Amino acid sequence: KKVEMFGTQILTLVSTCRQELPQGSDRHSDSMQEEGDIDSAVSLSDATKEPRGGIDKTQLKEDLRQYRMQQSEPMKKPAYTIFTNAALDNIYASLPTTEDALLDVK
(Lines give C-alpha, C1' and ligand atoms only; values in the text may rest on other atoms or scores of the structure.)
Protein backbone atom coordinates (compact mmCIF):
# COMPACT_ATOMS: atom_id res chain seq x y z
CA LYS A 1 0.00 0.00 0.00
CA LYS A 2 2.83 2.45 0.78
CA VAL A 3 4.29 1.94 -2.67
CA GLU A 4 0.91 2.92 -4.12
CA MET A 5 0.81 6.04 -1.95
CA PHE A 6 4.44 7.17 -2.13
CA GLY A 7 6.20 5.07 -4.76
CA THR A 8 5.72 7.35 -7.74
CA GLN A 9 7.23 10.37 -6.00
CA ILE A 10 10.11 8.35 -4.56
CA LEU A 11 10.87 6.88 -7.98
CA THR A 12 10.74 10.38 -9.47
CA LEU A 13 13.38 11.58 -7.02
CA VAL A 14 15.56 8.57 -7.72
CA SER A 15 15.13 8.64 -11.50
CA THR A 16 16.04 12.32 -11.63
CA CYS A 17 19.27 11.47 -9.84
CA ARG A 18 19.97 8.52 -12.16
CA GLN A 19 19.25 10.50 -15.35
CA GLU A 20 21.86 13.06 -14.46
CA LEU A 21 24.67 10.61 -13.72
CA PRO A 22 27.65 10.93 -16.04
CA GLN A 23 28.06 7.94 -18.39
CA GLY A 24 30.04 5.15 -16.79
CA SER A 25 29.92 6.61 -13.29
CA ASP A 26 29.67 4.42 -10.23
CA ARG A 27 26.09 4.77 -9.03
CA HIS A 28 27.17 4.22 -5.43
CA SER A 29 29.62 7.12 -5.50
CA ASP A 30 28.89 10.04 -3.23
CA SER A 31 30.12 12.39 -5.95
CA MET A 32 27.11 11.75 -8.20
CA GLN A 33 25.49 14.87 -9.56
CA GLU A 34 21.97 15.77 -10.59
CA GLU A 35 20.57 18.77 -12.40
CA GLY A 36 17.08 19.87 -13.24
CA ASP A 37 13.91 20.13 -11.23
CA ILE A 38 12.38 17.47 -9.04
CA ASP A 39 8.77 16.54 -9.83
CA SER A 40 6.47 19.38 -8.76
CA ALA A 41 4.63 16.99 -6.44
CA VAL A 42 7.75 17.06 -4.33
CA SER A 43 8.43 20.72 -3.76
CA LEU A 44 11.82 21.26 -2.23
CA SER A 45 13.19 24.59 -1.12
CA ASP A 46 15.61 26.31 -3.47
CA ALA A 47 18.03 26.48 -0.56
CA THR A 48 18.70 22.74 -0.94
CA LYS A 49 19.55 22.95 -4.63
CA GLU A 50 23.06 23.39 -5.94
CA PRO A 51 23.88 25.63 -8.90
CA ARG A 52 23.35 24.27 -12.41
CA GLY A 53 25.42 21.14 -12.58
CA GLY A 54 23.28 19.59 -9.97
CA ILE A 55 22.98 18.14 -6.57
CA ASP A 56 25.03 15.21 -5.41
CA LYS A 57 23.79 11.88 -4.15
CA THR A 58 23.94 13.24 -0.60
CA GLN A 59 21.30 15.72 -1.74
CA LEU A 60 19.14 12.82 -2.93
CA LYS A 61 19.24 11.44 0.61
CA GLU A 62 18.17 14.83 1.98
CA ASP A 63 15.41 15.09 -0.65
CA LEU A 64 14.10 11.68 0.42
CA ARG A 65 14.10 12.83 4.05
CA GLN A 66 12.27 16.04 3.16
CA TYR A 67 9.72 14.12 1.10
CA ARG A 68 9.14 11.76 4.03
CA MET A 69 8.53 14.73 6.36
CA GLN A 70 6.20 16.41 3.84
CA GLN A 71 4.09 13.25 3.69
CA SER A 72 4.05 12.51 7.43
CA GLU A 73 3.11 15.98 8.70
CA PRO A 74 -0.45 16.11 7.27
CA MET A 75 -1.08 12.62 8.63
CA LYS A 76 0.22 13.68 12.06
CA LYS A 77 2.43 10.60 12.11
CA PRO A 78 6.16 10.22 12.71
CA ALA A 79 8.26 10.36 9.55
CA TYR A 80 9.54 6.83 10.04
CA THR A 81 6.01 5.53 9.42
CA ILE A 82 6.31 6.64 5.78
CA PHE A 83 9.56 4.72 5.42
CA THR A 84 12.25 3.92 7.95
CA ASN A 85 15.78 5.29 8.04
CA ALA A 86 16.98 1.84 6.94
CA ALA A 87 14.60 1.93 3.95
CA LEU A 88 15.77 5.46 3.13
CA ASP A 89 19.41 4.29 3.20
CA ASN A 90 18.57 1.30 1.02
CA ILE A 91 16.67 3.43 -1.51
CA TYR A 92 19.68 5.74 -1.60
CA ALA A 93 22.06 2.80 -2.07
CA SER A 94 20.08 0.82 -4.66
CA LEU A 95 18.40 3.62 -6.66
CA PRO A 96 15.37 1.52 -7.69
CA THR A 97 13.79 2.31 -11.06
CA THR A 98 10.50 0.43 -10.82
CA GLU A 99 7.82 -0.14 -8.21
CA ASP A 100 8.86 -3.82 -8.10
CA ALA A 101 12.45 -2.81 -7.36
CA LEU A 102 11.18 -0.37 -4.74
CA LEU A 103 9.18 -3.18 -3.12
CA ASP A 104 12.44 -5.17 -2.85
CA VAL A 105 14.03 -2.42 -0.76
CA LYS A 106 14.17 -3.48 2.88
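Residues numbered from 1 in each chain as written. Predicted model: local features only at pLDDT ≥ 70, side-chain atom pairs only at ≥ 80, totals over all residues. Heavy atoms only, no water.

## Digging into the pattern of salt bridges
Counted according to the given criterion, the structure contains 1 salt bridge. Close ionic contact of Asp89 with Lys61 constitutes a salt bridge, the shortest N to O distance being 3.2 Å. A residue pair is termed long-range when its members are at least 10 positions apart, and Asp89 in helix 3 (residues 85-94) and Lys61 in helix 2 (residues 57-75) qualify at 28 residues. (Salt bridge = Lys/Arg side-chain N within 4 Å of Asp/Glu carboxyl O. Helix = DSSP H or I, 4+ residues; strand = E, 2+ residues; numbered from the N terminus.)

## Let's talk about the nonpolar core
Within the largest apolar cluster, 18 residues are counted, with the highest numbers of intra-cluster contacts made by Ile10, Leu60, Leu64, Tyr67, Phe83, Ile91 and Leu102. Contributing elements (two or more residues each) for this core: helix 1 (2-19), helix 2 and helix 3. Take this core: its biggest share by element is 7 residues, from helix 1. Residues contacting Ile91, with those up to four places away along its chain left out, are Ile10, Val14, Leu64, Phe83, Pro96, Leu102 and Val105. (Core = buried A, V, L, I, M, F, W, Y, C linked by side-chain atoms within 4.5 Å. Buried < 20%, exposed > 50% of the residue type's maximum accessible area, 1.4 Å probe, protein only. Contact = heavy atoms within 4.5 Å.)

## Concerning the side chain of Ser72
Here Ser72 is to be found in helix 2. Residues contacting Ser72, with those up to four places away along its chain left out, are Lys77, Pro78, Ala79 and Ile82.

## As for helix 2
Compared with the 27 Å implied by 1.5 Å per residue over 19 residues, the 28 Å span of helix 2 between its first and last C-alpha is a close match. Those residues of helix 2 that sit buried are Lys57, Gln59, Leu60, Lys61, Asp63, Leu64, Gln66, Tyr67, Arg68 and Ser72. One or two positions beyond helix 2, positive phi appears at Lys76, with a value near 55°. (Expected span 1.5 Å × (residues − 1).)

## A closer look at the confidence of the model for the protein chain
With 65% of its residues at a pLDDT of 70 or more, the protein chain shows a mean pLDDT of 74. Per-element confidence in the protein chain ranges from a low mean pLDDT of 36 for strand 1 (residues 33-34) to a high of 93 for helix 4 (residues 99-104). Confidence over residues 25-55 falls short of pLDDT 50; this stretch has 64 contacts with residues more than four positions distant or in other chains. (pLDDT = per-residue confidence, 0-100.)

## Let's talk about helix 3
Turning to helix 3, its buried residues are Ala87, Leu88, Ile91 and Tyr92. Seen end-on, helix 3 carries its buried residues on one side only, within an arc spanning 140°. Downstream of helix 3 by one or two residues, Leu95 has phi in the positive range, about 45°. (Arc of directions from axis to C-beta.)

## Some thoughts on a negative patch on the surface
A grouping of Glu4, Glu99, Asp100 and Asp104 is seen on the molecular surface, where their side chains present a negatively charged patch. Counting residues per element, the negative patch draws most heavily on helix 4, at 3 residues. Within the secondary structure, Asp104 sits in helix 4. (Patch = residues over 30% accessible without salt bridge, like charges linked within 9 Å, V, L, I, M, F, W, Y side chains within 5 Å. Areas by Shrake-Rupley, 256 points an atom, 1.4 Å probe, with all protein chains shown as cover. Lys, Arg positive; Asp, Glu negative; His and termini not counted. Charge placed at Lys NZ, Arg CZ, Asp CG, Glu CD.)

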